[in-house]
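# Structural features, examined
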Amino acid sequence: MDIETYSLILSALLFAIGTAGVLLRRNAIIMFMCIELMLNAVNLTLVVFSRSLGIEAQVFVFFVMAVAAAEAAVGLAIIIAIFRHYELVDVDRFNLLKW
Amino acid sequence: MIVDFFFVLFAVMAVGGAAAMVLARNPVASLLYLVMSFFALSGIFILLDAHFIAAVNVIVYAGAILVLFLFVIMLLNLGPSKRPDLRGTMYRMLGIAAAGAVFGLLLITLRDGHTTSMAGGMGQATMDAMLQSRGAVGVIAEPMFRSYLVPFEITSLLLLVAIVGAIVLARRRAP
């Protein structure tokens, strides 16, 4: 097998670890970090496919990074706003909209 | 040969860092493991001939976005959690099963994509020739500023909205 195949397996593994992290942790900031890991796993997939299907795939890596930056800024602002109100960041304690 | 060695090294660092991030109790340690994982991923980008992406990954992702996370963790003064931060046994089993299912589905999908792309792909020789003639930056700059100019400009709008939104959300309300 070649390096592309192993890189694709690696990206699938990193994405799965990110999924597990989002599902298993309670801390909202660590859940955000797991989402960043999943985005970077997708970046690895794009880079691998850019080798065979055209260099345009690497442009999309930039768009993914821009979306990740925007998401991090807004998400962390929401976490700060919630922390001011509840003094904690554990997602299972936020049940105001739960019925 | 040396490529294989570095690939295995970076892959182990990336997966180990990611797993340690999920399992670490202290959020700061968790974040530093993620930074290690991203550095290793940049190494893999270099092995895949995406040098500029590797540099941007270190500067923007590991350097800027993750440091923003670190600022927020320190602003909120989050230490090691007193109650266990991992969820309970039932939830844990379901979560690991879901992650395993995602892994399997991704492997199936990526294998299909890999066989099709290898069949109609451009090959290592074309890639090397493009990198030789235009350089690592030029090879990305050309499609970005020709075919994808409008999406690129819209990205700046997205970032502007994110800046305004973050300020509005995190602003201290007047009493």
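Quantities reported herein were computed from a predicted structural model and do not represent experimental measurements. (Residues numbered from 1 in each chain as written. Chains lettered and ligands numbered in written order. Predicted model: local features only at pLDDT ≥ 70, side-chain atom pairs only at ≥ 80, totals over all residues. Heavy atoms only, no water.)

### Structural notes on the pattern of salt bridges
The test is simple: Any Lys or Arg side-chain nitrogen located within 4 Å of an Asp or Glu carboxyl oxygen qualifies as a salt bridge. Strands are runs of DSSP state E lasting at least 2 residues, helices are runs of H or I lasting at least 4, and numbering of each runs from the N terminus. Relative accessible area decides the class of each residue, using a 1.4 Å probe on protein chains only: under 20% of the type maximum gives buried, over 50% gives exposed, and in between gives partly exposed.
Going through the model one piece at a time under the given rule, you end up with four salt bridges over all chains. A salt bridge links Glu4 of chain A to Arg51 of chain A, with the nearest nitrogen and oxygen atoms 2.8 Å apart. Separated by 47 residues along the polypeptide, Glu4 of chain A in helix α1 (residues 3-24) and Arg51 of chain A in helix α2 (residues 28-53) bring together distant segments of the chain. Both residues of the pair, Glu4 of chain A and Arg51 of chain A, belong to the buried class. Note that Arg134 of chain B is salt-bridged to Glu142 of chain B, the shortest N-O span being 2.5 Å. In this structure Glu142 of chain B comes out as partly exposed when scored by relative accessible area, which is 32%.

### Observations regarding the domain arrangement of chain B
As a reminder, the rule being used: Where a domain begins and ends is set by an automatic assignment or by a domain database.
Taken domain by domain, chain B consists of domain 1 (1-83), domain 2 (86-115) and domain 3 (123-175). Of note, the centres of domain 2 of chain B and domain 3 of chain B, computed from C-alpha atoms alone, are 30 Å apart.

### Section: α2 of chain A
Note on helix geometry: an α-helix contains 3.6 residues per turn, so any two residues three or four positions apart are oriented the same way. All names here are of chain A. Rules: Under the convention used throughout, the expected extent of a helix is 1.5 Å for every residue step, that is, one less than its residue count. We call two N or O atoms a polar contact when they sit within 3.5 Å, provided that within protein one can donate a hydrogen and the other can accept it, with sequence-adjacent residues counted only if both atoms are side-chain atoms.
Its 26 residues place the ends of α2 37 Å apart at the C-alpha level, agreeing with the 38 Å of an ideal helix rising 1.5 Å per residue. Across the 26 residues that make up α2, a large majority, 21, are buried. Of the residues that open α2, the one with a side-chain oxygen 3.0 Å from the backbone nitrogen of Ile29 is Asn27.

### Topic: the packing of helix α3 (residues 57-86) of chain A against helix α3 (residues 51-75) of chain B
The condition is simple: Here an axis means a line fitted to C-alpha atoms, over the contact stretch when the element is a helix, while the angle between two N-to-C directions is reported on a 0 to 180 degree scale. We call two directions roughly parallel when the angle between them is under 35 degrees, roughly antiparallel when it is over 145, roughly perpendicular when it lies between 65 and 115, and oblique otherwise. The contact criterion used throughout is that any non-hydrogen atoms of two residues lie within 4.5 Å. Each residue is assigned to one of three groups, with Ala, Val, Leu, Ile, Met, Phe, Trp, Tyr, Cys and Pro labelled nonpolar, Asp, Glu, Lys and Arg labelled charged, and all others, Gly among them, labelled polar.
Put simply, α3 of chain A and α3 of chain B touch, their axes get as near as 11 Å, and they point 5° apart. Judged by the inter-axis angle, α3 of chain A sits roughly parallel to α3 of chain B. Facing Gln58, Val61, Phe62, Met65, Ala68, Ala69, Ala72, Ala73, Leu76 and Ile80 of chain A of α3 of chain A, the residues of α3 of chain B in contact are Phe52, Ile53, Val56, Asn57, Tyr61, Ile65, Leu68, Phe69, Val72 and Leu75 of chain B. Here the residues of the contact of α3 of chain A with α3 of chain B sort into 18 nonpolar, two polar and no charged.

### Remarks on unusual backbone geometry
Residues and elements named next belong to chain B. Despite not being glycine, Asp49 shows a phi value in the positive range, around 70°. Structurally, Asp49 is set in the loop between α2 (27-47) and α3. Overall, the relative accessible area of 17% leaves Asp49 in the buried class.

### A closer look at the nonpolar core
Threshold: Working definition of a nonpolar core: buried Ala, Val, Leu, Ile, Met, Phe, Trp, Tyr and Cys residues. They are joined through side-chain atoms within 4.5 Å.
Ile29 of chain A together with Phe69 and Leu76 of chain B are the most contacted members of the largest nonpolar core, which totals 69 residues. Those elements that provide at least two residues to this core are α1, α2 and α3 of chain A together with α1 (2-23), α2, α3 and α5 (123-146) of chain B. Broken down by element, the residue count for this core peaks at twelve residues, all from α2 of chain A.

### Looking at the interface of chain B and chain A
Interfaces are often sized by the accessible area lost when the parts come together. Our working definition: Here's the idea: put two parts together, see how much 1.4 Å probe accessible area each one loses, and the total over both is what we call buried area.
On the chain A side, the residues contacting the 81 residues of chain B number 74 residues. When chain B packs against chain A, close to 7,000 Å² is buried across both sides, 77% of that on carbon and sulfur atoms. Run the count over chain B and chain A and you get one salt bridge. Between Asp49 of chain B and Arg51 of chain A there is a salt bridge, with the nearest N and O atoms lying 3.2 Å from each other. At the boundary of chain B and chain A, one finds eight residue pairs in polar contact (both at pLDDT 80 or more). Mapped onto the side of chain B that touches chain A, the elements with two or more residues apiece are α1, α2, α3, α4 (89-120), α5 and α6 (149-170) of chain B. Among the elements that line the side of chain B that touches chain A, the one with the most residues is α4 of chain B, at 15 residues. In terms of residue class, the side of chain B that touches chain A is made up of 61 nonpolar, twelve polar and eight charged.

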